[in-house]
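Listed below, chain by chain, are the residues.
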Amino acid sequence: MSYVDEVIARIKKENPDEPEFHQAVTEVLESIRGIVDENESSFRRDALLERLCNPERQIKFRVSWIDDKGQVHVNTGYRVQFNSAIGPYKGGLRLHPSVNIGIIKFLGFEQIFKNSLTGLPIGGGKGGSDFDPKGKSDREVMAFCQAFMSELCKYIGAYTDVPAGDIGMGAREIGYMFGQYKKLRGVFEGVLTGKGKSYGGSLVRTEATGYGLLYLTEEMLRCHGVDIKGKTITVSGAGNVAIYAIEKAAEMGARVVTCSDSTGWVYDPDGIDVTALKEIKEVRRQRLTEYKKYRPSAEYHEGRGVWSVKSDIALPCATQNELDIEDAKALVAGGVIAVCEGANMPTTLEATKYLQDNGVYFVPGKAANAGGVATSALEMSQNSERLAWSFERVDSELKSIMVRLYHNIDNAAKRYGADGNYVVGANIAGFEKVAKAMMAQGIV
Ligand code: NDP
Ligand code: 2IT
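We now turn to the structure provided with this report. Only a predicted model underlies this, so the values are computations on that prediction, with no experimental measurement involved.

## Details of the pairing of strand 4 (residues 123-129)
Phase 1 of the analysis: Here strand 4 lies mainly inside the structure; seven of its seven residues are buried.
Phase 2 of the analysis: Alternating residues of strand 4 divide into Gly123, Gly125, Gly127 and Ser129 and Gly124, Lys126 and Gly128, and every residue in both groups is buried.
Phase 3 of the analysis: Where strand 2 (residues 72-83) meets strand 4, six bridges bridge the pair, whose relative direction is antiparallel. Within strand 4, the position partnered with glycine 77 by the bridge is serine 129.
Phase 4 of the analysis: Both strand 3 (residues 89-95) and strand 4 contribute to a ladder of five bridges, which runs parallel.

## Structural notes on the sheet that holds strand 3
Working definition: the strands of a sheet are paired by backbone hydrogen bonds and lie parallel or antiparallel to each other.
Phase 1 of the analysis: Overall, mixed pairing links the five strands, which are arranged 1-2-4-3-5 in an open sheet. The strands lining the two open edges of the sheet, one partner per strand, are strand 1 (57-66) and strand 5 (161-164). Direction aside, the axes of adjacent strands within the sheet are offset by 20° on average.
Phase 2 of the analysis: Lying on the sheet, helix 7 (residues 138-152) is in contact with strand 1, strand 2, strand 3, strand 4 and strand 5; it crosses strand 1 at an angle near 140°.

## Here's the deal with the site of ligand 2
Phase 1 of the analysis: Around ligand 2 sit 14 residues in total, of which Lys90, Lys114, Asp166, Arg205 and Ser376 are the nearest.
Phase 2 of the analysis: Measuring from a nitrogen atom of ligand 2, one finds a side-chain N or O atom of aspartate 166 at 2.9 Å.
Phase 3 of the analysis: The protein chains hide 94% of the 300 Å² of surface that ligand 2 would expose on its own.
Phase 4 of the analysis: Counting only elements with at least two residues in the shell around ligand 2, the list comes to strand 3, helix 6 (101-117) and helix 16 (371-385).
Phase 5 of the analysis: Counted by class, the shell around ligand 2 contains two nonpolar, seven polar and five charged residues.

## Observations concerning the environment of valine 28
Phase 1 of the analysis: Relative to the elements of secondary structure, valine 28 occurs in helix 2 (residues 19-31).
Phase 2 of the analysis: C-alpha of valine 28 to C-alpha of glycine 430: the two residues are 402 residues apart in sequence and 9.8 Å apart in space.
Phase 3 of the analysis: Residues within four places of valine 28 in sequence aside, it is in contact with Phe109, Glu110, Phe113, Lys366 and Asn427.

## A look at helix 10 (residues 240-251)
Phase 1 of the analysis: An ideal rise of 1.5 Å per residue puts 16 Å on 12 residues; helix 10 measures up with 17 Å between its terminal C-alpha atoms.
Phase 2 of the analysis: Counted residue by residue, helix 10 has nine buried out of 12 residues, so it is predominantly covered.
Phase 3 of the analysis: Among the residues of helix 10, Val241, Ala242, Ile243, Tyr244, Ala245, Ile246, Glu247, Lys248 and Ala249 are the ones counted as buried.
Phase 4 of the analysis: Glycine 253 occupies a position one or two residues after helix 10 and carries a positive phi of about 90°.

## Examining the site of ligand 1
Phase 1 of the analysis: Around ligand 1 sit 26 residues, and of these Asp166, Thr209, Ser262, Arg287 and Asn344 come closest.
Phase 2 of the analysis: The contact in question runs from an oxygen atom of ligand 1 to an N or O atom on the side chain of aspartate 166, over 2.7 Å.
Phase 3 of the analysis: One of the side-chain nitrogen or oxygen atoms of threonine 209 is found 2.8 Å away from an oxygen atom of ligand 1.
Phase 4 of the analysis: Notes on ligand 1: free accessible area 880 Å², of which the protein chains cover 84%.
Phase 5 of the analysis: A class-by-class count of the residues in the shell around ligand 1 yields six nonpolar, 12 polar and eight charged.

## With respect to the packing of helix 1 (residues 3-14) against helix 2
To describe two helices that pack against each other, one gives the angle between their axes and the distance between the axes.
Phase 1 of the analysis: Between helix 1 and helix 2, whose axes approach to 10 Å, the crossing angle comes to 175°. What the angle tells us is that helix 1 and helix 2 run roughly antiparallel. Residues Val4, Val7, Ile8, Ile11 and Lys12 of helix 1 touch helix 2, and the partners they reach there are Phe21, His22, Val25, Thr26, Leu29 and Glu30.

## Regarding the packing of helix 7 against helix 8 (residues 171-185)
Phase 1 of the analysis: In contact at an axis separation of 8 Å, helix 7 and helix 8 are set at 45° when each is read in the N-to-C sense. Our classification of the angle between helix 7 and helix 8 gives oblique. At the point where helix 7 passes helix 8, the crossing takes the right-handed sense. Together, Asp138, Val141, Met142, Cys145, Gln146, Phe148, Met149 and Ser150 of helix 7 and Arg172, Glu173, Tyr176, Met177, Gln180, Tyr181 and Leu184 of helix 8 make up the contact between the two elements.
Phase 2 of the analysis: A per-class count over the contact of helix 7 with helix 8 returns nine nonpolar, three polar and three charged.

## Things to note about the pattern of salt bridges
Phase 1 of the analysis: Within the structure shown, the criterion is met by 32 salt bridges.
Phase 2 of the analysis: For glutamate 14, the salt bridge identified is with arginine 10, shortest N-O distance 2.9 Å. Residue glutamate 14 and its partner arginine 10 are both found in helix 1; the two are separated by four residues, about one turn of the helix.
Phase 3 of the analysis: Of the residues examined, glutamate 14 reaches a relative accessible area of 44% and is grouped as partly exposed.
Phase 4 of the analysis: For arginine 10, a relative accessible area of 44% puts it in the partly exposed group.
Phase 5 of the analysis: Measuring nitrogen to oxygen at the nearest pair gives 2.8 Å for the salt bridge that ties lysine 195 to glutamate 379. With lysine 195 in the loop between helix 8 and helix 9 (208-223) and glutamate 379 in helix 16, this pair connects stretches of sequence that are 184 residues apart. In terms of burial, lysine 195 and glutamate 379 fall into one category: buried.
Phase 6 of the analysis: Put simply, Asp5, Glu30 and Arg33 are held in one network by salt bridges that share partners.

Basis of the calculations
- Residues numbered from 1 in each chain as written.
- Chains lettered and ligands numbered in written order.
- Predicted model: local features only at pLDDT ≥ 70, side-chain atom pairs only at ≥ 80, totals over all residues.
- Heavy atoms only, no water.
- Buried < 20%, exposed > 50% of the residue type's maximum accessible area, 1.4 Å probe, protein only.
- Helix = DSSP H or I, 4+ residues; strand = E, 2+ residues; numbered from the N terminus.
- Pairing = 2+ DSSP bridges.
- Axes fitted to C-alpha atoms, helices over the stretch in contact; angles between N-to-C directions.
- Contact = heavy atoms within 4.5 Å.
- Near = heavy atom within 4 Å.
- Polar contact = N/O pair within 3.5 Å; in protein donor to acceptor, adjacent residues only side chain to side chain.
- Areas by Shrake-Rupley, 256 points an atom, 1.4 Å probe, with all protein chains shown as cover.
- Nonpolar A, V, L, I, M, F, W, Y, C, P; charged D, E, K, R; others polar.
- Expected span 1.5 Å × (residues − 1).
- Parallel < 35°, antiparallel > 145°, perpendicular 65-115°, else oblique.
- Left-handed = near helix turned anticlockwise from the far one by under 90°.
- Salt bridge = Lys/Arg side-chain N within 4 Å of Asp/Glu carboxyl O.

This is the structure in structure tokens:
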């Protein structure tokens with residue numbers, strides 16, 4: 001059996017009931033097969049792949065908090081510190097009832113390669129909880145965040161591990177967690193990113209994942225002789241990533257006709273009204289059913305369905321495995337040119353293969369959505385030098401990072417005889433830097 005196959009089999013056996021983690025490991029290891037085969041004896045001797053696929057540390061803790069009626073609730077908190085070869089652990093915290101250790105491990109594993117691709121000195125980590133912020137009062141969210149940070153604060157710090165937002169975790173939650181960290185540890189430091197502007201947050205961090213996704217998509221299409229202007233785009237999700245992807249796409253002259261949340265989706269042939277969307281989701285925290293009140297001509301549908309709409313470009317920006325083989329077939333039948341992932345692993349392995357086999361330009365999340373964490377790293381730089389950069393400076397750094405990142409994965413794919421396969425390109429380019437750093441640092 002080849003080294004790659006051996007490690008995949010072992011990971012599946014030793015981590016049962018973690019299908020998303022198996023999926024992420026399989027995708028990465030399959031696509032670095034070429035480089036592993038070339039270096040098989042030294043990688044094997046150093047157990048490089050086993051070390052890469054096993055987190056350096058996994059922390060699991062109880063989170064007890066009191067609701068507005070005086071009832072105590074118990075949730076589970078996680079922080080997986082996956083790999084610190086190129087920098088302190090860095091990655092978001094997800095607050096969603098579906099969170100379990102397998103989900104956090106898949107996200108932490110992806111984060112290693114994503115962070116490497118940004119070209120900035122950040123290692124890979126991820127955390128979160130099965131807490132559901134939906135329907136909770138502000139006070140209850142604060143109670144949860146404080147209880148979560150009371151335990152997490154023992155394991156993080158500006159030079160060790162720097163969490164940020166993800167699903168269910170935005171500026172409000174970061175604020176509460178930052179306050180609690182400062183109270184317990186007695187230090188004001190850049191321990192979290194995505195902070196408010198008045199206490200060390202970077203301009204552009206809110207917009208960064210969505211904007212970065214569009215900067216990369218535009219550059220990739222330009223290199224294939226396609227102008228994004230005038231194109232029809234389907235987006236899924238209606239959260240942080242989706243909103244700012246829609247905003248930047250519209251600014252580039254494209255027309256985004258869909259968005260979705262966990263209960264339904266909107267089709268607006270005139271182009272999604274991003275101001276209305278922000279009001280509904282960021283200010284009022286409501287369901288997408290409200291959208292029709294702002295745009296009576298739009299359609300609202302219950303359930304899933306975004307990928308049934310014909311488009312030139314599809315940007316999945318909600319959650320993992322939200323685009324399956326049937327969706328991929330519908331997209332191809334509708335003439336889609338490109339699929340770029342704003343979410344983490346939103347496309348199943350089968351759907352990815354189908355899209356690639358049918359000539360669709362496919363860019364995986366670890367490359368396409370890296371703008372968020374890259375801007376987090378810029379926030380860390382600003383915190384270290386105790387300065388705040390202008391919007392224009394951060395935005396232009398973000399743009400250069402995404403353009404450079406695209407060419408880096410494109411070149412890596414070419415070097416390994418997989419021209420245009422950005423999954424291979426992203427995994428190889430991300431892996432090369434981490435592997436080199438791990439080998440240089442000895443067996444630790
Ligand atoms: P948000 O919580 O802001 O938004 C998530 C959106 O997806 C919501 O509209 C949510 O609907 C919808 N959704 C639909 N189905 C699900 C489901 N089963 N589970 C969770 N959400 C669902 O999160 P983000 O926009 O920050 O994150 C979206 C994706 O992008 C995730 O995969 C995340 O890991 C990834 N990502 C985020 C980055 C960031 O900077 N925030 C950076 C890089 C990647 P509803 O409102 O009904 O819950
Ligand atoms: O998936 C991701 O890259 C994020 N949720 C952002 C992580 C970060 O540290 O900014």
